[in-house]
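Next come the chains, spelled out residue by residue.
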Amino acid sequence: MPSIRAPASRQTATLQVAVKCRPLTDNERRRSRHIIQVIDDKNVAVLDPDISKGYLDLIQNRTKEKRYSFDHVYAPGCSNTDVYKNISPTVLGVVQGLNVTVFAYGSTGSGKTYTMVGSRNDPGLMVLSFRTIFDQIKKDDSSDTFEVSCSYLEVYNEVIYDLLEKSSGHLELREDPEHGIIVAGLRRIKVHSADKILELLNIGNSRRKTESTEANATSSRSHAVLEITVRRKQKGKYGSQVLRGKLALVDLAGSERATETNNFGQKLRDGANINRSLLALANCINALGKQNKKGLAYVPYRNSKLTRILKDGLSGNSRTVMIATISPADDQYHHTTNTLKYADRAKEIKTHVHKNIGTIDNHVEDYQRMIENLQGEVSQLKKELADKEHQLSVKPTEKAADNELSWLNVLSQETGENVQERINLQKALFELEETNKRNRMELQHLDSAIARPQVGE
Ligand SMILES: Nc1ncnc2c1ncn2[C@@H]1O[C@H](COP(=O)(O)OP(=O)(O)OP(=O)(O)O)[C@@H](O)[C@H]1O
């Protein structure tokens, strides 16, 4: 059975982080001040939104001005093509059997969809990527054959839907030793031209959940993932091998503050769900940043569907680009510095890249690697669970001396959070142990299949 295996040549790659500042919108031009100063193509400053500060504040360093450095910084005049020029070599790795992830991260209305999807005059990174992939395939003068396929999904209120199916049901995530996290039942359509993907992208976008909010007239209420897979069949002296590259292009829904949006009912609930999964993503970015600075730290991928889908892109086998989008308006200061804080941490994240080479072999190595990873996760979760239980049992006695009502409130809230977290951990543990059990059975199966004498031997 063909299997995609990791060859010995693994490379460590650092997450590429770029910041893109959009222009002020017509509305903002009337009421807001521009507080983003792009110093050069790698450095950006966010000016203090409070212009009343005087000379004394400045020399006493009481200004809220902040400076950051990134791999690339794009000023409001830059087009999506300018951004794409710097990521195109990474994206084209997909034709050589590499996995690539590009995701836009930023608050609502900061320009994520504009960057990923774009407009007719300024096509976004999704459109530019698949155009260059097909150009590259056309230019290839080897005898290799290529097969390109595409899928498009959205995560809305923690439920996964297929954007290429007219009335898609709820889809589930599964862990697969060969392909990592997969979405069971997701439609994957074979495509022969960039125009066909554009057509599918437009169909998918018309099905995507968007709403008009106070912050953005067409605000995306779901996270969307467009995945393009390139299978490259190479015929060599010793038979054929298959390279399988995967490009994931992600347009996240925007984080927002309920107080700023005036949302209520379903919109408010959507917002809370969006924030929850983005918080889960931010927590993973934090943990991964810490992991690379200080050694091992548990990365809570299982806290949301979004983070499970992005797991490979954040730490596994993928070259990854994060485009942090920001608005230049002074009333967005809080959002902007928050986005830049996470983008700054993401610079620490490392991934481990290798070509996906399919050989006529068995799955044993894939399963063994997966079991090792899951076992690591199980013992980390057990430790966290024990810590939480310990915290729960000591808190009441520690705080018994304090009789104030406010303490009771704090305690009941903390206990509630703690219990919820324990439930989540227990669920994750149970799920992991089930997956582990299934993998062991599969491994035994494979072992006995290998042990059986082959026909003709
Ligand atoms: N580079 C740009 N040039 C011109 N207009 C832009 C640019 N980037 C964003 N805009 C405009 O800003 C507005 C908000 O952009 P967009 O919808 O892409 O934000 P978003 O981050 O995807 O928001 P949400 O998270 O709410 O979906 C839109 O009107 C869009 O056309």
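Residues numbered from 1 in each chain as written. Predicted model: local features only at pLDDT ≥ 70, side-chain atom pairs only at ≥ 80, totals over all residues. Heavy atoms only, no water.

(A) Fine view of the pairing of strand β19 (residues 350-353). Judged by which residues are buried, β19 turns out to be one-sided: Thr351 and Val353 face inward and are buried, whereas Lys350 and His352, on the alternate face, are not. In this sheet, β19 lies alongside strand β2 (residues 11-14) in antiparallel orientation, the contact comprising four bridges. Looking across to β19, one finds that Thr14 is bridged to Lys350. (Buried < 20%, exposed > 50% of the residue type's maximum accessible area, 1.4 Å probe, protein only. Helix = DSSP H or I, 4+ residues; strand = E, 2+ residues; numbered from the N terminus. Pairing = 2+ DSSP bridges.)

(B) View of the pairing of strand β18 (residues 319-326). Burial within β18 is extensive, with seven of its eight residues counted as buried. Across six bridges, strand β3 (residues 16-21) lies against β18 in parallel orientation. Following the sheet pairing, Gln16 is matched in β18 by Val321.

(C) Representation of the site of the ligand in the model. The immediate surroundings of the ligand are formed by 16 residues, with Thr108, Lys112, Tyr114, Ser219 and Ser220 found nearest. Within the backbone of Ser110, one N or O atom sits 3.2 Å away from an oxygen atom of the ligand. One of the side-chain nitrogen or oxygen atoms of Thr113 is found 2.8 Å away from an oxygen atom of the ligand. Looking at the shell around the ligand, the elements that each hand over two or more residues are α4 (112-116) and β15 (219-220). If you tally residues by element for the shell around the ligand, the top one is α4, at three residues. Broken down by class, the residue content of the shell around the ligand amounts to three nonpolar, ten polar and three charged. (Near = heavy atom within 4 Å. Polar contact = N/O pair within 3.5 Å; in protein donor to acceptor, adjacent residues only side chain to side chain. Nonpolar A, V, L, I, M, F, W, Y, C, P; charged D, E, K, R; others polar.)

(D) Region of the structure containing the side chain of Thr90. For Thr90, the position within the fold is in helix α3 (residues 80-91). Residue Thr90 is classed as buried on the basis of its relative accessible area, which comes to 11%. Side-chain polar atoms of Thr90 contact the side chain of Gln16, separated by 3.3 Å.

(E) Local environment of the packing of aromatic side chains. One pass over the full model with this rule turns up two aromatic pairs. With a centroid separation of 6.2 Å and an interplanar angle of 20°, the aromatic rings of Tyr68 and Phe70 are classed as stacked. Of the two residues, Tyr68 and Phe70, neither departs from the other in class, the shared state being buried. The interplanar angle of 65° and the centroid separation of 6.4 Å between the aromatic rings of Tyr105 and Tyr342 together place this pair among those described as edge-to-face. Note that Tyr105 is positioned in strand β8 (residues 99-105) and Tyr342 in helix α11 (residues 333-346), a separation of 237 residues in sequence. This pair shows no difference in class: Tyr105 is buried, exactly as Tyr342 is. (Phe/Tyr/Trp six-rings, centres within 6.5 Å; stacked < 30°, edge-to-face > 60°.)

(F) Spatial organisation of the packing of α3 against helix α5 (residues 125-139). For the pair α3 and α5, interaxial distance at closest approach is 10 Å and the crossing angle is 45°. In this view, α3 runs oblique relative to α5, as classed from their interaxial angle. Crossing angle aside, the handedness with which α3 passes α5 is right-handed. Counting all contacts with α3, which are made through Asn80, Thr81, Val83, Tyr84, Ile87 and Val91, the residues of α5 involved are Leu125, Leu128, Ser129 and Thr132. (Axes fitted to C-alpha atoms, helices over the stretch in contact; angles between N-to-C directions. Parallel < 35°, antiparallel > 145°, perpendicular 65-115°, else oblique. Left-handed = near helix turned anticlockwise from the far one by under 90°. Contact = heavy atoms within 4.5 Å.)

(G) Quick peek at the sheet that holds strand β5 (residues 43-46). Spatial strand order, β4-β5-β6: three strands in an open sheet with antiparallel pairing. Looking along the sheet, the strands with just one partner apiece sit at the ends: β4 (36-38) and β6 (66-69). On average, adjacent strands in this sheet sit at an angle of 20° to one another, irrespective of strand direction. Bridge analysis of β5 against β6 gives four bridges, and the strand direction is antiparallel. Within β6, the residue paired with Ala45 across the bridge is Arg67. Across the sheet, α11 touches β4, β5 and β6, and the angle it forms with β6 is around 35°.

(H) How the structure looks around the side chain of Asn99. Tracing the backbone through its elements, the reader meets Asn99 in strand β8. At 3.1 Å, the side chain of Asn99 forms a polar contact with the backbone oxygen of Asn317. Excluding residues that lie within four positions of it along the chain, Asn99 makes contacts with Arg244, Gly245, Lys246, Asp312, Asn317, Ser318, Arg319 and Asn356.

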